[in-house]
Amino acid sequence: MADLSARDVERANFVFSIYDFEGNGTVDAVNLGDMLRALNLNPTLATVEKLGGTKKKNEKKLKLDEFLPIFSQVKKDKEQGTFEDFLECLKLYDKEENGKMMAAELAHTLLSLGERLEDAETDIVLKDCMDQEDEDGFIPYEPFLKKMMA
């Protein structure tokens, strides 16, 4: 791949080898999103599906020479949100402009906007990333976002 550095190719080879569970030089396309995320990319589920990812196991296998162009394409994709983008979105819920929002609004946002999370997924994210609510039900959203994106 001319547009991937030698370091990127090395990293992609390493991730590919981890997901090559059978050791036969192929990976299941159901793992495509996980592989890209292991390479510090954040493709949406729709992007993963568009690039050949599958929802069911054993529907499709990918070889390394098929994976590298996918990695390259996602790496160049600029549609991924940045910390600043997400911070601006959460500021919309900060009615008092004090860096806090209602924890219930955050949960509702995760459940209903963008690529919606399931209830169980939302509970895990909130448990792992959210600070304790204050007595009025508010949380500081910037630390939440930092933990979420780490």
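The structure presented is a predicted model; accordingly, all values stated were derived computationally and were not measured.

About the criteria used
- Residues numbered from 1 in each chain as written.
- Predicted model: local features only at pLDDT ≥ 70, side-chain atom pairs only at ≥ 80, totals over all residues.
- Heavy atoms only, no water.
- Axes fitted to C-alpha atoms, helices over the stretch in contact; angles between N-to-C directions.
- Helix = DSSP H or I, 4+ residues; strand = E, 2+ residues; numbered from the N terminus.
- Parallel < 35°, antiparallel > 145°, perpendicular 65-115°, else oblique.
- Left-handed = near helix turned anticlockwise from the far one by under 90°.
- Contact = heavy atoms within 4.5 Å.
- Buried < 20%, exposed > 50% of the residue type's maximum accessible area, 1.4 Å probe, protein only.
- Arc of directions from axis to C-beta.
- Polar contact = N/O pair within 3.5 Å; in protein donor to acceptor, adjacent residues only side chain to side chain.
- UniProt positions renumbered as here; feature names shortened; annotations may be inferred.
- Salt bridge = Lys/Arg side-chain N within 4 Å of Asp/Glu carboxyl O.
- Lys, Arg positive; Asp, Glu negative; His and termini not counted.

Helix packing for two helices is described by the angle between their axes and how far apart those axes are. In contact at an axis separation of 10 Å, helix α6 (residues 103-112) and helix α7 (residues 119-129) are set at 135° when each is read in the N-to-C sense. Overall, the two elements α6 and α7 adopt an arrangement that is oblique. For the element pair α6 and α7, the recorded crossing hand is right-handed. On the side of α6, the interface is formed by L106, A107, L110 and L111, while α7 contributes D119, T122, V125 and L126.

Below, the discussion takes up helix α5 (residues 83-91). Of the positions making up α5, those classed as buried are F83, L87 and L90. Buried residues of α5, viewed axially, fall in a sector of 65°; they line one side. Looking at the buried residues of α5, the elements they touch are β3 (100-102), α6 and α8 (141-149).

Within the secondary structure, T54 sits in the loop between α3 (45-50) and β2 (61-63). Residue T54 is classed as buried on the basis of its relative accessible area, which comes to 17%. A distance of 3.2 Å separates a polar side-chain atom of T54 from the backbone nitrogen of V30. For T54, the side chain forms a polar contact with the main-chain oxygen of K56, separated by 3.1 Å. Setting aside chain neighbours within four positions, we find T54 in contact with D28, A29, V30, E59 and K60.

Attention now goes to the UniProt feature "domain: EF-hand" (unreviewed entry) in the protein chain. Residues annotated by UniProt as "domain: EF-hand" (unreviewed entry) correspond here to residues 7-42. Secondary structure over residues 7-42 splits into 56% helix and 8% strand, and the C-alpha atoms at its two ends are 19 Å apart.

The next thing to look at is the pattern of salt bridges. According to the stated counting rule, one finds 12 salt bridges in the structure shown. As a salt-bridge pair, D3 and K76 come within 3.1 Å of each other at their nearest N and O atoms. One end of the pair, D3, is in the segment before α1 (6-19); the other, K76, is in helix α4 (residues 64-76), and 73 residues separate them in sequence. For D3, a relative accessible area of 42% gives the class partly exposed. Residue E49 is joined to K55 by a salt bridge in which the shortest nitrogen-to-oxygen separation is 3.8 Å. A relative accessible area of 44% means that E49 is categorised as partly exposed. Given a relative accessible area of 69%, K55 falls into the exposed group. Each of the salt bridges in this network shares a partner with another, and the network as a whole consists of D8, R11 and K75.

Structurally, D20 can be placed in the loop between α1 and β1 (26-28). Despite being buried, D20 has no salt bridge partner; K61 is the closest side chain of opposite charge, sitting 7.4 Å away. Only 3.0 Å separates the side chain of D20 from the backbone nitrogen of G23, close enough to count as a polar contact. Among residues more than four places away in sequence, those in contact with D20 are G25, T26 and V27.

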